[in-house]
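# Coordinates in review
Residue-level listing of the chains:
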Amino acid sequence: MPSTENKSNTDSPAQILTFQVGGQVYGIGLLSVVEIGNWSEIRPLPAAPHYIAGVINVRGTALSVIDMGIFFKDRTERAEKAAQTSIILVDLGSVRVGLLVDRVCDIVSMQGVELQPVPAAGGRESGKVLRGLAIIGDDIIGLLDLPAFGAGIELPNVTANMLSH
């Protein structure tokens, strides 16, 4: 079983975009971010996995949106936070998806920051999708491993005609 203990800071991106989900701060490499937006209409997608919030129309292309709060097991009611949420568009291999987060925080330099392993108490899911933890000031930031995240989720087959109604 792979471990994050052997991952060094040379694996870390130079800069990360930080975002909040359920009171926790996470980050992804800035070069992995395609676009950040607030698409107000997320249309439900029948029979999709529970963490799929639905689909959005981005300039004529239907994209799946993953609710990171549900994925990370945060049971906070989304309806109360709808006005504050943001969607971060990223590419998971050849598929572009949106990550629904509570809020986008900042761009942080990773220079001189060494990734620490995810503690076993973080749970199996955390260890599979986080490259490690970055401690910056008083913050502990979970660095999302996009390839591992993409490999661990099921994405529905979305086509543009799903958005026509």
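Below is a short write-up of the structure.

A large share of strand E1 (residues 15-21) lies buried, amounting to five of its seven residues. Where E1 and strand E8 (residues 103-109) come together, six bridges link them in antiparallel fashion. From the neighbouring strand, Gln-20 faces E8, where its bridge partner is Arg-103. As paired strands, E1 and strand E2 (residues 24-29) are joined by six bridges and run antiparallel to one another. The residue of E2 that forms the bridge with Ile-16 is Gly-29. The turn linking E1 back onto E2 is made up of two residues, and Gly-22 within it adopts a positive phi angle of 60°.

A few words now on the pattern of salt bridges. Side chains bearing opposite charge may pair, as long as their charged atoms lie close to each other. Inspection of the entire model under this criterion finds three salt bridges. A salt bridge links Arg-43 to Glu-41, with the nearest nitrogen and oxygen atoms 3.2 Å apart. The partly exposed category is assigned to Arg-43, whose relative accessible area is 23%. Salt-bridge contacts for Arg-96 lead to Asp-91; the nearest nitrogen and oxygen are separated by 2.7 Å.

Backbone geometry at Ala-47 places phi at a positive 65°, although glycine is not the residue there. Looking at where Ala-47 falls in the secondary structure, it is placed in the loop between strand E3 (33-37) and strand E4 (52-58). For Ala-47, a relative accessible area of 87% puts it in the exposed group.

Quick look at the sheet that holds E2 now. Strand order in the open sheet formed by five strands is E8-E1-E2-E10-E9, with mixed pairing between adjacent strands. Each having just a single partner strand, E8 and strand E9 (130-136) make up the two edges of the open sheet. Between one strand axis and the next, the sheet turns through 30° on average, direction left out of account.

Here E2 lies mainly inside the structure; five of its six residues are buried. When E2 meets strand E10 (residues 139-144), the two strands line up parallel, connected through three bridges. Note that in E10 the partner of Tyr-26 across the bridge is Gly-142.

Ranked by size, the top nonpolar core spans 26 residues in total, and within it Ile-28, Ile-66, Met-68, Ile-88, Leu-99, Leu-144 and Phe-149 carry the most contacts. Broken down by secondary-structure element, the contributors of at least two residues to this core are E1, E2, helix H1 (68-71), strand E6 (86-92), strand E7 (95-101), E9 and helix H3 (146-151). Beyond its immediate chain neighbours, meaning those up to four positions away, Ile-88 contacts Leu-17, Phe-19, Ile-28, Val-33, Glu-35, Val-97, Gly-98, Leu-99, Val-101 and Val-104. Listed in part, the nine residues of the second largest apolar core include Met-110, Leu-115, Ala-134 and Leu-143.

Before going further, it helps to examine the sheet that holds E3. Whenever strands of a sheet pair, they do so through backbone hydrogen bonds, lying parallel or antiparallel. Here we have five strands laid out as an open sheet, ordered E3-E6-E7-E5-E4, and mixed in their pairing. Two strands in the sheet have a free side with no partner beyond their single neighbour: E3 and E4. In this sheet, adjacent strand axes meet at a mean angle of 30° when their direction is disregarded.

Rules of the game
Residues numbered from 1 in each chain as written. Predicted model: local features only at pLDDT ≥ 70, side-chain atom pairs only at ≥ 80, totals over all residues. Heavy atoms only, no water. Buried < 20%, exposed > 50% of the residue type's maximum accessible area, 1.4 Å probe, protein only. Helix = DSSP H or I, 4+ residues; strand = E, 2+ residues; numbered from the N terminus. Pairing = 2+ DSSP bridges. Salt bridge = Lys/Arg side-chain N within 4 Å of Asp/Glu carboxyl O. Axes fitted to C-alpha atoms, helices over the stretch in contact; angles between N-to-C directions. Core = buried A, V, L, I, M, F, W, Y, C linked by side-chain atoms within 4.5 Å. Contact = heavy atoms within 4.5 Å.

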